[in-house]
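Survey of secondary and tertiary structure
Spelled out, the chains give:
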Amino acid sequence: MTHIKVNVDGTTYEDDVEPRLLLAHYLRDRLGLTGTPIGCDTSNCGACTVDLDGATVKSCSVLAVQADGGEVTTIQGLARDGEWTALQRAFHERHGLQCGYCTPGMIMAARDLLRENPRPTSDEVRQALEGNLCRCTGYQNIVRAVLAAADEESASGRDEAGPGAASGQQVTEEATA
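Below is a summary of the structure that appears in this document. (Residues numbered from 1 in each chain as written. Predicted model: local features only at pLDDT ≥ 70, side-chain atom pairs only at ≥ 80, totals over all residues. Heavy atoms only, no water.)

Concerning the nonpolar core
- Counting 25 residues, the largest nonpolar core has Leu87, Phe91, Met106, Val125, Leu129 and Val146 as the members making the most contacts within it.
- Those elements that place two or more of their residues in this core are α2 (86-93), α3 (103-116) and α5 (140-156).
- Per-element tally for this core: the top contributor is α5, with eight residues.
- In this structure Val125 touches Leu113, Pro120, Val143, Val146 and Leu147, once residues within four positions along its chain are discounted.
- Among the nonpolar cores identified, the runner-up in size contains 16 residues, and Val17, Val50, Leu52 and Val57 belong to it. (Core = buried A, V, L, I, M, F, W, Y, C linked by side-chain atoms within 4.5 Å. Buried < 20%, exposed > 50% of the residue type's maximum accessible area, 1.4 Å probe, protein only. Helix = DSSP H or I, 4+ residues; strand = E, 2+ residues; numbered from the N terminus. Contact = heavy atoms within 4.5 Å.)

So this is what it looks like as structure tokens:
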């Protein structure tokens, strides 16, 4: 067993874990944070995407011991005081989900994109999400949701996605069609 200390969604946890325990299983089975689904256990689908120390990772390809001393943000850690982020609202309002299985990973990957590029084009959204699979929506509504969230964050001056998320180029409605 290996002792780890990790901050997950603002709460610090200390545990003894098997060195081979995947971060996805630690989050779900040990901490009860089931908002991060396990889709494939091979890092192909992206459903288990979380933020680890400021970078998105597929938690089925990271060992829990690798998160020792780190900070993890899951889909469950995004909302503040019961209020969804612009990105979460946009996925809901733009029907960027159907079964919802891929949604946590899509939102976490999109959040990373908006941190790096607060005003992406539809092609840039597609490229950023290419490591996340969805079997239901055909992706069009997901792209629309990400672009709508970027518009909302820019218009409101909020910085929900991360540093620099409220500046950049304007995306027109035609680009979302």
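Resuming the write-up.
Some points on the side chain of Ser59
- Inspection of the secondary structure assignment puts Ser59 in the loop between β4 (55-58) and β5 (71-73).
- Of note is the side chain of Ser59, whose polar atom sits 2.8 Å from the backbone oxygen of Cys48. (Polar contact = N/O pair within 3.5 Å; in protein donor to acceptor, adjacent residues only side chain to side chain.)

Description of α2
- Where α2 is concerned, the buried positions are Ala86, Leu87, Gln88, Ala90 and Phe91.
- Lining the buried residues of α2 we find α3 and α5.
- Downstream of α2 by a residue or two, His95 has a phi angle that is positive, lying close to 55 degrees.

What to know about the sheet that holds β4
- Read from one edge to the other, the open sheet built from five strands follows the order β2-β1-β5-β3-β4, with strand pairing classed as mixed. Across the chains shown, the open sheet's two edge strands, defined by having one partner strand only, are β2 (11-17) and β4. Direction aside, the axes of adjacent strands within the sheet are offset by 35 degrees on average.
- Packed on one face of the sheet, helix α1 (residues 23-30) meets β1 (2-8), β2, β3 (49-52) and β5 and runs near 105 degrees to β2. (Pairing = 2+ DSSP bridges. Axes fitted to C-alpha atoms, helices over the stretch in contact; angles between N-to-C directions.)

Side note on the packing of α3 against α5
- Two numbers describe how α3 lies on α5: the axes approach to 11 Å, and their chain directions differ by 45 degrees. If you check the angle between α3 and α5, you find them oblique. Considering only the axes of α3 and α5, their crossing is right-handed. Across from Met106, Ala110, Leu113 and Leu114 in α3, the residues of α5 making contact are Ile142, Val146, Ala149, Ala150 and Glu153.
- Among the residues making up the contact of α3 with α5, the classes are represented as eight nonpolar, no polar and one charged. (Parallel < 35°, antiparallel > 145°, perpendicular 65-115°, else oblique. Left-handed = near helix turned anticlockwise from the far one by under 90°. Nonpolar A, V, L, I, M, F, W, Y, C, P; charged D, E, K, R; others polar.)

Examining α1
- Among the residues of α1, those classed as buried are Leu23, Ala24, Tyr26 and Leu27.
- Buried positions along α1 lie against β1, β2, β3 and β5.
- Of the residues one or two after α1, Gly32 is the one with positive phi, at around 75 degrees.

Notes on the environment of Leu63
- Tracing the backbone shows Leu63 in the loop between β4 and β5.
- Put simply, Leu63 and Glu18 are 45 residues apart on the chain and 9.4 Å apart in space, counted from C-alpha to C-alpha.
- Excluding its chain neighbours within four sequence positions, the residues that come into contact with Leu63 are Pro19, Arg20, Leu21, Leu22 and Leu23.

Looking at the pattern of salt bridges
- By the definition in use, this model includes five salt bridges.
- A salt bridge links Asp51 to Arg111, with the shortest nitrogen-to-oxygen separation between them at 3.7 Å. Remark: Arg111 occurs in helix α3 and Asp51 occurs in strand β3; sequence separation between them is 60 residues. The same class applies to Asp51 as to Arg111, namely buried.
- Here Asp112 makes a salt bridge to Arg115, at a shortest N to O gap of 2.8 Å. Taken together, the residues span about one helical turn, with Asp112 and Arg115 both in helix α3 at a distance of three residues. Take Asp112 and Arg115: they sit in the same class, and that class is buried.
- When salt bridges with common partners are traced through the structure, they connect Asp51, Arg111, Asp112 and Arg115 into a single cluster. (Salt bridge = Lys/Arg side-chain N within 4 Å of Asp/Glu carboxyl O.)

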